[in-house]
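Summary of the model geometry
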Amino acid sequence: MKRNHLNKAILTVVMTMIFIPIFAQTNDPQTANESGKITTSIQYCANYEDFQSNHWKQVDSVLVITKSRNKQMWWGGKDFKFDSDNKDIKNLLKKEAFAINYHDTLLINTHPYKDRGTTFGNGYARIFNIKDGKLLMTYYNVSEMSKNAMIGGMFGLVGSLAMSATNSKIAKQNVCYIITPGDKKAVIIDAKVMEELLKDHQTLLDEYLAVKKSERLNEEVVLPLLKKAELL
């Protein structure tokens, strides 16, 4: 009897691995267009102090890898990954570099950070400077994604397929995180955080609170208000 249950569990996992990526890709017509590779020169900062003092070092012949969000969801990776044939540079860009300036886009190494216990994993995501010295990172809600995946796994193939549709939507929607130098905890900007950030900007806070609760985490809601408040 135990062997039958084990076989069923294994079959569910195998079928999930086969069908879910197909399901996700068929619901993402831009999957191929959003992914790519290019070799170029980039600039990096070894630490936060160098970042703040605008001290960048250049590295040439770096492979830049981008993935669609659905590919990230199933196969790992972030919006940007940087690779090199040089093992020292490869390791530096993977785990040691703090930030990268790629074509005037500021990116932070997500390797050290967690969202409510869920790790971001290797790669880079976009950041903006906050005037108090902290950083604002934009990426999808990784904690929510992880929670849904666990729930789906509890209900076998059907549950996993159902949650894959939900997670596909989450993957395409950016939220905002606050990164504090020296702290590995990335804090998602929710209503509580926004109320603190906009406490001196009541009109903007009222505008934020007028947004549907289901949309208050969205980047396109949060970023414009913080820019209007001149916090970025």
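Quick notes on the rules
- Residues numbered from 1 in each chain as written.
- Predicted model: local features only at pLDDT ≥ 70, side-chain atom pairs only at ≥ 80, totals over all residues.
- Heavy atoms only, no water.
- Helix = DSSP H or I, 4+ residues; strand = E, 2+ residues; numbered from the N terminus.
- Buried < 20%, exposed > 50% of the residue type's maximum accessible area, 1.4 Å probe, protein only.
- Contact = heavy atoms within 4.5 Å.
- Areas by Shrake-Rupley, 256 points an atom, 1.4 Å probe, with all protein chains shown as cover.
- Salt bridge = Lys/Arg side-chain N within 4 Å of Asp/Glu carboxyl O.
- Core = buried A, V, L, I, M, F, W, Y, C linked by side-chain atoms within 4.5 Å.

The helix and strand tally for the protein chain stands at nine helices and 11 strands. The 232 residues of the protein chain split such that 41% are buried. Here the contacts in the protein chain between residues at least 6 apart in sequence split such that 58% fall between residues at least 24 apart. As displayed, the protein chain offers around 13,300 Å² of accessible surface, 54% of which is attributable to carbon and sulfur atoms.

The tally for this structure, following the rule as stated, stands at four salt bridges. Notably, a salt bridge pairs Lys90 with Asp83, separated by 2.9 Å at the nearest N-O pair. A residue is classified by how much of its surface remains accessible, and Asp83, at 16% relative accessible area, is buried. Two residues, Arg116 and Asp115, come together in a salt bridge whose shortest N-O distance is 2.6 Å.

This next bit is on the nonpolar core. The biggest cluster of nonpolar side chains holds 24 residues, and the ones touching the most others in it are Phe51, Phe98, Ile108, Phe120, Met137 and Tyr177. Broken down by secondary-structure element, the contributors of at least two residues to this core are α2 (48–52), β8 (124–129), β9 (135–140), α5 (142–154), α6 (156–172) and β10 (174–179). Within the second largest apolar cluster, 18 residues are counted, among which are Ile130, Leu136, Met194 and Leu225.

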